[in-house]
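# Structural overview
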Amino acid sequence: MTDMTLLTGPTLCFDGNPLQQAWEDVVRIDTDGAVLIANGIITQVGQAAALKQAYPEAAVTSYGADHLICPGFVDAHVHYPQTAMIASWGKRLIDWLNDYTFPEEMRLSDPTYAAAISARYLDLTLAHGTTTVASFCTIHPHSADALFKAAQTRNLRIVAGKTCMDRNAPAGLRDTAQTAYDDSKALIDRWHGKGRATYAITPRFSPTSTPEQLAALGALWREYPDCLMQTHLSEQTDEIAWVSDLHPQARDYLDTYEAQGLIGERAVFGHAIHLEPREIDRITETGAALVHCPTSNTFIGSGLFDMAGLAARHIPIGLATDTGGGSSFSMLRTMAAAYEIGQLRGTPLHAAQLIWLATAGSAGSLHLSDKIGSIAQGYEADVTVLNLSSTPAIAQRHAQAKSHWESLFATIMMGDDRAVADVWVAGDLTG
Ligand code: GUN
Ligand code: ZN
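It should be emphasised that the depicted structure is a prediction, and the values quoted were computed from it without experimental measurement.

A few words on the nonpolar core. Ranked by internal contacts, the top residues of the largest apolar core, which has 107 residues, are Phe 269, Met 335 and Leu 386. It is helix α14 (residues 351-365) that contributes the most residues to this core, eight residues altogether. With near-sequence residues (within four places) excluded, Phe 269 lies in contact with Met 229, Thr 231, Leu 233, Leu 254, Tyr 257, Leu 262, Ile 263, Ala 288, Ala 289, Leu 290 and Val 291. Of all hydrophobic cores here, the second largest spans 14 residues; its members include Ala 76, Ala 134, Leu 228 and Leu 366.

Here it is, written out as structure tokens:
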């Protein structure tokens, strides 16, 4: 007989995209909700009383009225190798990379260290309620193997790729156009589509790749079009000026990728803050996704992502910590930062839009929206249960809240890993 699990309690449900429709019409909290799970899949979503009666054999876990059953958080752009140097002080992007990031990424030349950081990173993010990440690795192929293996051990859905760089990086962190192609191809053959893994072809960004390397990766993507392609785009103004020096023939930053076949529906561009009108038009036409990294964009001093303007163009948008440029592993903290950036731009996001971005929105940006990011029938049972009164400060605000939305907003703004009551991965309780 199939083992069945029934989670009961307030449940977050999506019926559409709250960046495109009024959030009240497409996001709801079912106060007496229930989620039935069998074989790692959500098989029913409904009312607690009805599902308890219909499935008396199911093992029930009941969450109280001050909890919220949510999809597991999806972090659409991270650098797991930067776990140990998160929150390094005072630099802008290029100096931050040279002074803090590259020396730490060099340490992952040791496969034992790469395995230890992979495990540490996934345990930290799971404790923060994140059940899927899309990660850059280092240039070392074993750094990607380590993360894929650590995810497999935990049965996590994962997106990752070996980072490719053949210039403007220290000698120990450079590959070549040919080895980037060969090593990425071997990793695709080893991992892409195996279990819960997706491979993302990963040129770091155009300052650290020659046009030849970008072209080799464009050719590889044409061979494996169902892989994702992840990279960085227009994060800082001084970076953009450098890109234009390095690629004088390019019309703009996006063109450095476009000219080499690195644009398309499965392209995922992190940051995308200082975009030219042509770049926005091209991203819109191709269906590529953008990822908002709000804690990173303030921490490294990059700028304010135009969520409202880009969502109005119907561009798929995900949300991400961008650790270790981002200053937190927490998607709650990341939602809070997205709210604050919205305020600075005069377009604050509602709690329903923030939590949609951190789940279904990010899943959509990674082309996983038929598998994860929603509590709905047929979806993989990755579920994060929030405690909406996790600390004395939050509990006293929760006590005053007139709705679940008001309460959820307080947890978004003030919460951390203490607000994560339980995390279920493919139907199994973790921790
Ligand atoms: N641009 C190129 N590499 C990186 C990185 O590791 N972090 C961030 N935030 N931006 C980048
Ligand atoms: Zn990044």
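As a further point, take the site of ligand 1. In the neighbourhood of ligand 1, 13 residues make up the surrounding shell, with His 79, Gln 82, Arg 204, Glu 235 and Asp 322 lying closest. In the model, an oxygen atom of ligand 1 is placed 3.5 Å from a nitrogen or oxygen of the His 79 side chain. Here Glu 235 contributes a side-chain N or O atom positioned 2.7 Å from a nitrogen atom of ligand 1. Coverage of ligand 1 by the protein chains reaches 100% of its 280 Å² of free accessible surface.

Donor atoms from the polypeptide that coordinate the zinc ion (ligand 2) comprise His 77 (NE2), His 79 (NE2), His 232 (NE2) and Asp 322 (OD), at 2.0 to 2.5 Å from the metal. Considering all four donor atoms around the zinc ion (ligand 2), the spread of angles at the metal, 90 to 162°, places the coordination shape in the irregular class. Read in sequence order, the donor residues for the zinc ion (ligand 2) give the motif H-x1-H-x152-H-x89-D. Here His 79, found in strand β8 (residues 73-79), pairs with Asp 322, found in the loop between β16 (317-319) and α13 (331-345); they are 243 residues apart in sequence, far enough to count as distant. When its relative accessible area of 3% is taken as the criterion, His 79 is described as buried. Among the residues examined, Asp 322 registers a relative accessible area of 4% and is labelled buried.

Positionally, Glu 380 belongs in the loop between α14 and β17 (383-387). For Glu 380, the side chain forms a polar contact with the side chain of Arg 196, separated by 2.4 Å. Those residues in contact with Glu 380 that sit more than four places away from it in its chain are Gly 40, Ile 41, Ile 42, Arg 157, Arg 196, Lys 371 and Ile 372.

Conventions and cut-offs
Residues numbered from 1 in each chain as written. Chains lettered and ligands numbered in written order. Predicted model: local features only at pLDDT ≥ 70, side-chain atom pairs only at ≥ 80, totals over all residues. Heavy atoms only, no water. Core = buried A, V, L, I, M, F, W, Y, C linked by side-chain atoms within 4.5 Å. Buried < 20%, exposed > 50% of the residue type's maximum accessible area, 1.4 Å probe, protein only. Helix = DSSP H or I, 4+ residues; strand = E, 2+ residues; numbered from the N terminus. Contact = heavy atoms within 4.5 Å. Near = heavy atom within 4 Å. Polar contact = N/O pair within 3.5 Å; in protein donor to acceptor, adjacent residues only side chain to side chain. Areas by Shrake-Rupley, 256 points an atom, 1.4 Å probe, with all protein chains shown as cover. Donors = N, O, S within 2.8 Å, 3.2 Å for Na, K, Ca; no water. Tetrahedral: all angles 85-135°; square planar, octahedral: opposite > 155°, others 65-115°.

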